[in-house]
Amino acid sequence: GPTSNRFAVVDYNGTTGNVVAPVKWDAKKKQFKAGRLVLNDQNKHTDSFQFHQLNVWAIAQNTLQFFESGQVMGRKLPWGFEGNRLILVPHAGYGQNAYYDRQSKSLQFYYYNNPDDQKPVYTCLSADIIIHELAHAILDGIRPHFIESTQVQTAAFHEFFGDLSAILNLLRNNTFRANLVKKIGANLGAAEVLTNIADEFGRTVIQKPYLRSARNKETMSTVAESLEPHDVSEVLTGAMFDLIIILSKQYIKREVQFKEEDQVDFDGVAANKAAKQAFWYTIYRMQRMAMQPLDFLPPVDVTFRDYALAMLRAEQLSNPTDPHG
């Protein structure tokens, strides 16, 4: 536990063989509990394995709800396997890893020691990692043959989809978005806290400020020799984040009611005041623009070009007059 109609947490550790007692739901008080400990404050209970269970389950539930909402796919999404529940394993074992496994119908989250202080790092506490891995499972349900492809771009599309899903879900968070505006103003391109994907994992495993970045200069030419899907995926992730920045600037211009493009000072007070609402318009628009084209993709061996054409086709159908260009 927790268990719902789409998810079941099973806290089994493959390294130690231990099974951790599940978190309990107190229906009378409407609280999740571990014994007498009430798990309603993430700043106090991150050392509780029952909190880890609750964290991975809640983020997965919220993310699936996002994908099935009317603004995204608009329907109940199947898994890529027989059955209705995806198993979430928050402490699958010791290792620097997390992954989706269709055969066991599960998301496996591992833990390892930080080389600097030897404190454990739990991948089940990273929203970026949880959403990324769940996105693999969601895409597998929509296009099950993608995961079987030997094409590098198809595998890279899976990784891109996971990273973009993490970015979109983070930017949807109202508190995060408000704090982001206070920190960076109207310049969404400077939001490293948003563009740096799995930053803790990157710092402690590869000694970089992120595992991957949505703000990169990679092109198909620079990754032409790579057979590593994660590397190739950065091209498409970077391109889509460029679109997020372009949309945000367009919405800010509308908010501050400037007609001439060169009149907007994106370091100015008016733009900063407009940014919070503009960023919401941006994410609301982008989630439809990026996710709904999944239904237009080919059933096998998808390429980045296929995705671009699917996006254009979805736009032609949903926004035929294109009043804002």
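Residues numbered from 1 in each chain as written. Predicted model: local features only at pLDDT ≥ 70, side-chain atom pairs only at ≥ 80, totals over all residues. Heavy atoms only, no water.

Draft legend 1. A look at the packing of aromatic side chains. As enumerated under the stated definition, the model contains 17 aromatic pairs in all. With centroids separated by 5.7 Å and ring planes inclined at 65 degrees, the aromatic side chains of Phe-7 and Trp-79 adopt a geometry described as edge-to-face. Of the two residues, Phe-7 is situated in strand β1 (residues 7-9) and Trp-79 in the loop between α1 (49-68) and β5 (86-89); the sequence distance between them amounts to 72 residues. Judged by its relative accessible area of 0%, Phe-7 is buried. The buried category is assigned to Trp-79, whose relative accessible area is 6%. Ring centres of Phe-67 and Phe-161 lie 5.6 Å apart, and the angle between their planes is 40 degrees; this geometry places the pair in the tilted category. One end of the pair, Phe-67, is in helix α1; the other, Phe-161, is in helix α3 (residues 152-171), with 94 residues separating them in the sequence. Every member of this aromatic cluster is reached through a ring pair, and the members are Phe-49, Tyr-94, Tyr-111 and Tyr-122. (Phe/Tyr/Trp six-rings, centres within 6.5 Å; stacked < 30°, edge-to-face > 60°. Helix = DSSP H or I, 4+ residues; strand = E, 2+ residues; numbered from the N terminus. Buried < 20%, exposed > 50% of the residue type's maximum accessible area, 1.4 Å probe, protein only.)

Draft legend 2. Here's a closer look at helix α9 (residues 304-318). The terminal C-alpha atoms of α9, which comprises 15 residues, lie 21 Å apart, in line with the 21 Å expected from a rise of 1.5 Å per residue. Buried residues of α9: Phe-304, Tyr-307, Ala-310, Met-311, Ala-314 and Glu-315, and no others. Buried residues in α9, looked at end-on, bunch into an arc of 135 degrees, giving them a common side. Relative to its buried face, α9 has exposed residues pointing more than 90 degrees away, namely Arg-305 and Leu-312. (Expected span 1.5 Å × (residues − 1). Arc of directions from axis to C-beta.)

Draft legend 3. Structural context of the packing of α1 against helix α2 (residues 127-142). It is at 10 Å that the axes of α1 and α2 come closest, and there the two elements cross at 50 degrees. Classed by the angle they form, the pair α1 and α2 counts as oblique. Handedness of the α1/α2 crossing: right-handed. Within the contact between the two elements, α1 uses Asn-55, Val-56, Ile-59, Ala-60, Thr-63, Leu-64 and Phe-67 and α2 uses Ala-127, Ile-130, Ile-131, Leu-134 and Ile-138. (Axes fitted to C-alpha atoms, helices over the stretch in contact; angles between N-to-C directions. Parallel < 35°, antiparallel > 145°, perpendicular 65-115°, else oblique. Left-handed = near helix turned anticlockwise from the far one by under 90°. Contact = heavy atoms within 4.5 Å.)

Draft legend 4. Broad picture of the pairing of strand β3 (residues 31-34). Two strands pair when backbone bridges link them, and strand β2 (residues 24-26) and β3 are joined in this way by three bridges, in the antiparallel orientation. The residue bridging Trp-25 from the neighbouring strand is Phe-32, located in β3. Linking two consecutive strands that pair antiparallel, namely β2 and β3, is a turn of four residues; a positive phi of about 55 degrees is found at Lys-30 within it. As judged from the two bridges shared by β3 and strand β4 (residues 37-38), these two strands associate in the antiparallel manner. Note that in β4 the partner of Ala-34 across the bridge is Leu-37. Taking the residues that link successive antiparallel strands as the turn, the β3-β4 hairpin has two residues, and the phi of Gly-35 there is positive, at about 65 degrees. (Pairing = 2+ DSSP bridges.)

Draft legend 5. Main features of the nonpolar core. Counting 89 residues, the largest nonpolar core has Leu-86, Phe-157 and Tyr-307 as the members making the most contacts within it. With ten residues, the single largest contributor to this core is helix α7 (residues 229-256). Discounting chain neighbours no more than four positions away, the residues touching Leu-86 are Arg-6, Phe-7, Ala-8, Trp-79, Phe-81, Tyr-100, Lys-105, Ser-106, Leu-107, Leu-134 and Ala-137. (Core = buried A, V, L, I, M, F, W, Y, C linked by side-chain atoms within 4.5 Å.)

Draft legend 6. Structural context of the sheet that holds strand β7 (residues 106-109). On the basis of which strands lie adjacent, the open sheet formed by four strands has the order β1-β5-β7-β6 and mixed pairing. On the outer flanks of this sheet lie β1 and β6 (98-101), each paired with one strand and no other. Sheet twist, expressed as the mean angle between neighbouring strand axes with direction ignored, is 20 degrees. As paired strands, β6 and β7 are joined by four bridges and run antiparallel to one another. Looking across to β7, one finds that Ala-98 is bridged to Phe-109.

Draft legend 7. Examining the environment of Leu-107 more closely. Examined against the element boundaries, Leu-107 turns out to sit in strand β7. Once the C-alpha coordinates of Leu-107 and Pro-90 are considered, the two residues, 17 residues apart in sequence, prove to be 8.2 Å apart.

Draft legend 8. Just the side chain of Gln-50, in detail. Looking at where Gln-50 falls in the secondary structure, it is placed in helix α1. For Gln-50, a relative accessible area of 16% corresponds to the buried category. Not counting residues up to four positions away in its chain, the partners in contact with Gln-50 are Val-20, Ala-21, Pro-22, Val-23, Ala-34 and Leu-39.

Draft legend 9. Main features of helix α8 (residues 269-291). With 23 residues, α8 should cover 33 Å at 1.5 Å per step; its first-to-last C-alpha distance of 33 Å lies within 8% of that length. The largest bend along α8 reaches roughly 50 degrees and is located at Ala-275. (Bend = angle between axes of the 7 residues up to and from the residue.)

Draft legend 10. Local environment of the environment of Met-289. Looking at the element boundaries, Met-289 is found in helix α8. Along the backbone, Met-289 and Leu-312 are 23 residues apart, and their C-alpha atoms lie at a distance of 9.0 Å. Met-289 has contacts with Leu-247, Met-311 and Glu-315, leaving out every residue within four places of it along the chain.

Draft legend 11. Structural context of the sheet that holds β4. With antiparallel pairing, three strands are arranged side by side in an open sheet as β2-β3-β4. A single partner strand is all that each edge strand has here, and the edge strands are β2 and β4.

Draft legend 12. Region of the structure containing the packing of α3 against α8. It is the contact of α3 with α8, at a shortest axis distance of 10 Å, that shows an interaxial angle of 160 degrees. One finds that α3 runs roughly antiparallel with respect to α8. Here the hand of the crossing between α3 and α8 comes out left-handed. Between α3, through Phe-161, Leu-164, Ser-165, Leu-168 and Leu-171, and α8, the contact on the second element is made entirely by Ile-283, Met-286, Gln-287, Ala-290 and Met-291. Across the contact of α3 with α8, the residue classes tally to eight nonpolar, two polar and no charged. (Nonpolar A, V, L, I, M, F, W, Y, C, P; charged D, E, K, R; others polar.)

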